[in-house]
Structures are given as structure tokens and as C-alpha cells.
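As a plain string of letters, each chain reads:
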Amino acid sequence: MAPAITLAAESLSAANTGFMLICSALVMLMTPGLAFFYGGMVRVKSTLNMLMMSFISLGIVTILWVLYGFSMAFGTDSGSIIGWSSDYVGLSGIGLTQLWDGYTIPIYVFAVFQLMFAIITPALISGALADRVKFTAWALFVALWATLVYFPVAHWVWGAGGWAFELGVIDFAGGTAVHINAGAAALGVILVIGKRVGFKKDPMRPHSLPLVMLGAGLLWFGWFGFNAGSWLGNDDGVGALMFINTQVATAAAVLAWLAYEKIRHGAFTTLGAASGAVAGLVAITPAGGAVSPLGAIAVGAIAGVLCAMAVGLKYKLGYDDSLDVVGVHLVGGVAGSLLIGFFATGGGQSDVAGLFYGGGLDQFWKQCAGVFAVLAYSLVASAVLAFLIDKTIGMRVSEDDEVAGIDQVEHAETAYDFSGAGGGSARSTAPAPAPTESKKVDA
């Protein structure tokens, strides 16, 4: 989905269409995977709220995308800032076999694939806000943020005529439009709503590391659709390059994160392995179509170390990024996007070469323009949205409700039912009954 070689579409390809439908389903699976990943990282009393903050995005963004989101992101360009096409409003003016321009897949398939990106991006933000945000306020934020931030930025980066697209910024599958966008938004919101009660004082350890690992595994699996599918076809090998680079970079990031963690903290943790995997996935997302597998190792390893270092900044700088959205998605997205300027080979998605392959720094400066424009816009716009919501309906639950547990307050449920778990322990501490005298049996 970056400026690149496109296919000369003559007729609908059943193979590419089926491939893209599978990829769309894989990307959809990433949102429940994210819910489990985040859900395991919070305390017990916030588990369901964390799951719901991802799941509600599936509902809200889907409807907005059909009504006007697809038109805003991929309609006819207006001023290189936004798109709009009346045929895309409500997806009502699209023929069943009408092809996406330059490709062999129907517009409907492209629209549903892009929908899954639009769904997961605001869900990524939720990890920074754990334990303390009203569910109604979050739902409103998702609707407004998708409309005012995600849809325009997607047009900038991927829409024909978008300024970043026309400049030549490379973002194969979402380093800027998804990860930097979400990470900057997370930072903007938490600067407005403040810290959790007990931040840096109370232990806030993950309640279920197996759940975290399950979520990370689902994300890793779904990410192959996220990345390889973004070439929108399977005819020239670029999707295959992106597929293998996704695996390679993620593996390198896991190893790099764990090595840093062992040196810095003296242990290899499961949370570190899961976080390293996500950091590698994030970093290779913009770069995987432009770099070689050796370059993917470098991108993953660099991102693994940088993100592992970055997650500790919240304690030094005093911002409460609950589940390290800034440290992983913002930092990983920036790293992966900028490293294209060094490691692009010129033999992948396009003939653009980076510094290490004789291309100079021209592409690096283009990447900088895309990265920092999206970062600044999302940061400011998200902070403004959070401020307005906070001043109207209120963004945070009360301190008492936060301490009591947001699951019970906002959803009237708890993740785990312990009502029957105490019976055995109660009996074990009670005095044992006197043995009954057995009857004598005559020989």
C-alpha cells in the first residue's frame, strides 16, 4: 500500500481475491488477539474492561467505515488531505466485480481489508488507558478519533493523491498510519487524563501471563495477513518477501529484547518475549517490502532493544502509559519507518534504495516528513479530543470506582468467578470431625 510497482489489472483474479479475503480475516483476528494481550497485562479487576475496549472498536469503526470512512480514506483526493467519493458512501455505488484501480481484486475486498486496519488502530490506543477511563467516554473517543484522525491519515499515507503518498513516503502496511498514529494518540490522551491511582506506588503486575502469551501468538499469526496482504495480490513475490521478513524481524526482536532484559534486569521474562515479538512486528510493518531478510534482522533487533529501553521512560518522565503503547508502538513504528532510509535495497516493492545500498539520505528525509507529521497531528488532535470529552461528559471514572475495580463499575461483571473457590479452603482449616467408632465384626 506504499508508492510502489502496481499490477496491471485486466480482470478479476479468483486467487488474489480469495487470498485477500483470508488476509482480511487474519487481520480481524488481531483485534481479539490484542484484547487478550492487553487483558492479561492488567490487574484482575480491569480484565473485562480491557477486553471490551478492543471489542467495541469492532462495532463502532465498522459502521463508520461503511457510512463514510472508506470514502474519506480512499475516495477522490481533495487538496492532498482528505478523500471523498459519493459512490463509496454506504458502499452503495460499488459493483460486485468492480475492481480496485490497478489491481485484480474487487473494491469490496479492498474495502473490507482496509476496514480491519481501521478497527485495530484505535484499539491499540486503549492499552495506555487501562483502569481509569469511562466506557462511554472511550466509545465516543473511538468514533471521533477514527473520523478526525485515522481516516484522514490513512488518506495521506495510502490514498491516491494523499500528500505523503505523493511525496514517496514508504509505509507498506501501517508504520505511520497505524502504529505511530496510535502511539502518538495514546501519549496525547494520557497527558490529559493523568495517572492511575497508585502509579509508581502500588504493584500493577500482569494478572495472567499465559493470557498475554496467547494474545501475542494470535497477533503474530494474524500479522502475516496484516503485512503480506498489504501488497493486495500474490503475483510478483513482494508479498512473499514481506511474509518472510515479518517472521525474521519478529524473531530478531524477541531475541534482542530478551538479551537486553537479561543484561539489564538479570532474567528472561515471558512478558519481555511477548513484548519483543510485538515490537518486531510493529517495526517491520512499514519496512518489510523494502528490505532484505538480513535487513529485517537488523530492523527487528534494533527495534527490540529500542522498545525495551523505551518502556522504562514512563517511570523517569512521569507519564502513565499503562501497557507500554508509547514504548512499543510509537517507538517501534518510528524506528521501522526511519530505518527504511538506511536498509531499503531497491529490489523489493520499488527501486528506492536507502543509504546502505547507495541511495543516499533522500528516502530517509522523506520518511522523517511522514513520521513526524503523523506523530504531531495525532498527538495534538488526540489530546484535544480527550480534553473536550473530559470537560463535557468526563473521561475518567471516580477514584473510588477505580480502586474498587472498573470491571464491576462499568460492566457489572468480573472476569473470574471465585464464589465457589473458598469452600475447600474453609473446610481444610476447620477441626476434623471425630472418627465414628466402627462396628466390631465377629470372626
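The shown structure was predicted, so the numbers you read here are calculated from the model rather than taken from an experiment.

A. Layout of the overall build of the protein. Broken down by element type, the protein carries 16 helices and two strands. Computed over C-alpha atoms, the radius of gyration of the protein comes to 24 Å, within 12% of the 22 Å expected from 2.2 N^0.38 for 443 residues, which places it in the range of a compact globule. Burial status across the protein gives 56% buried among its 443 residues. Long-range pairs, those at least 24 residues apart, make up 77% of the contacts in the protein with a sequence separation of at least 6. Accessible surface, the protein: about 17700 Å² in total, of which carbon and sulfur atoms supply 66%. Seen as two clouds, the 19 positive and the 27 negative side-chain charges of the protein have centres 16 Å apart.

B. Expanded view of the layout of surface pockets. In this structure, the largest pocket spans a volume of roughly 830 Å³. Forming the boundary of the largest pocket are 33 residues, of which Val311, Gly312, Lys314, Tyr315 and Asp324 lie nearest the centre. Sorting the residues of the lining of the largest pocket by element identifies helix H8 (238-265), helix H9 (270-287), helix H10 (293-310) and helix H11 (313-317) as the ones contributing at least two each. The leading source of residues in the lining of the largest pocket is H8, at five residues. When grouped by side-chain class, the residues that make up the lining of the largest pocket number 16 nonpolar, six polar and 11 charged.

C. Spatial organisation of the pattern of salt bridges. Throughout the structure, instances matching the rule amount to six salt bridges. Between Arg43 and Asp131 there is a salt bridge, with its nearest N and O atoms 3.1 Å apart. Residue Arg43 is found in the loop between helix H1 (14-41) and helix H2 (47-74), and its partner Asp131 is found in the loop between helix H3 (107-125) and helix H4 (135-158); the two are separated by 88 residues along the sequence. Owing to a relative accessible area of 3%, Asp131 belongs among the buried residues under this scheme.

D. Geometry of a nonpolar patch on the surface. A grouping of Leu355, Phe356, Tyr357, Leu361 and Trp365 is seen on the molecular surface, where their side chains present a nonpolar patch of about 520 Å² in accessible area. With respect to the secondary-structure elements, Leu355 resides in the loop between helix H12 (325-343) and helix H13 (362-392).

E. Geometry of the packing of aromatic side chains. Overall, the coordinates contain 27 aromatic pairs when judged by the stated rule. Seen in terms of ring centroids, Phe70 and Trp100 are 6.1 Å apart; in terms of plane orientation they differ by 50°. Their pairing is tilted. Here Phe70, found in helix H2, pairs with Trp100, found in the loop between strand S2 (82-84) and H3; they are 30 residues apart in sequence, far enough to count as distant. A relative accessible area of 0% means that Phe70 is categorised as buried. An angle of 70° between the planes, with centres 5.1 Å apart, marks the rings of Phe364 and Trp365 as edge-to-face. What makes Phe364 buried here is its relative accessible area of 14%. Relative accessible area serves as the criterion here: at 54%, Trp365 is assigned to the exposed category. Put simply, the rings of Trp65, Tyr68, Phe70, Phe74, Tyr88, Trp100, Phe110, Tyr150 and Phe151 touch in pairs and so form one group of aromatic residues.

F. Looking closely at the nonpolar core. Phe70, Trp100 and Leu129 are the most contacted members of the largest nonpolar core, which totals 111 residues. In terms of residue count, the dominant contributor to this core is H4 (16 residues). Beyond its immediate sequence surroundings of up to four residues, Trp100 is in contact with Phe70, Phe74, Tyr88, Ile105, Pro106, Ile107, Phe110 and Leu232. Ranked by size, the runner-up nonpolar core spans 15 residues in total, among them Ala283, Val291, Leu339 and Ala344.

G. Inspection of the confidence of the model for the protein at higher detail. Here the protein averages 93 in pLDDT, while 92% of its residues score no lower than 70. Ignoring residues within four places in sequence, the model shows residues 2-9, a span with pLDDT below 50, making 29 contacts including any to other chains. Between residues 424-443, whose pLDDT stays under 50, and residues either more than four places distant or in other chains, the model counts zero contacts.

H. Highlighting empty space enclosed by the protein. The tally for this structure, following the rule as stated, stands at two cavities of 30 Å³ or more. Within this model, the largest cavity holds a volume of roughly 70 Å³. In terms of lining residues, the largest cavity is bounded by Phe37, Tyr38, Met41, Ser275, Val278, Leu323, Asp324, Val325, Val328 and His329. For the lining of the largest cavity, the secondary structure elements donating two or more residues are H1, H9 and H12. Residues that form the lining of the largest cavity fall into these classes: seven nonpolar, two polar and one charged. Of the voids in this model, the second largest cavity is the one considered here, and its volume is about 40 Å³. In this structure, the second largest cavity is lined by Met30, Leu34, Ile120, Leu124, Val178, His179, Leu219, Trp223, Phe226 and His329. Elements represented by at least two residues in the lining of the second largest cavity include exactly H1, H3, helix H6 (175-193) and helix H7 (209-228). The residue makeup of the lining of the second largest cavity, split by class, is eight nonpolar, two polar and no charged.

Thresholds applied
Residues numbered from 1 in each chain as written. Predicted model: local features only at pLDDT ≥ 70, side-chain atom pairs only at ≥ 80, totals over all residues. Heavy atoms only, no water. Helix = DSSP H or I, 4+ residues; strand = E, 2+ residues; numbered from the N terminus. Rg over C-alpha atoms; globule rule 2.2 N^0.38 Å. Buried < 20%, exposed > 50% of the residue type's maximum accessible area, 1.4 Å probe, protein only. Contact = heavy atoms within 4.5 Å. Areas by Shrake-Rupley, 256 points an atom, 1.4 Å probe, with all protein chains shown as cover. Lys, Arg positive; Asp, Glu negative; His and termini not counted. Charge placed at Lys NZ, Arg CZ, Asp CG, Glu CD. 1 Å grid on protein atoms, 1.4 Å probe; cavity = no way out; pocket = protein on both sides within 12 Å on 5 of 7 lines; lining within 4 Å. Points joined across faces, edges and corners; volume = space filled by probe spheres on them. Nonpolar A, V, L, I, M, F, W, Y, C, P; charged D, E, K, R; others polar. Salt bridge = Lys/Arg side-chain N within 4 Å of Asp/Glu carboxyl O. Patch = residues over 30% accessible without salt bridge, like charges linked within 9 Å, V, L, I, M, F, W, Y side chains within 5 Å. Phe/Tyr/Trp six-rings, centres within 6.5 Å; stacked < 30°, edge-to-face > 60°. Core = buried A, V, L, I, M, F, W, Y, C linked by side-chain atoms within 4.5 Å. pLDDT = per-residue confidence, 0-100.

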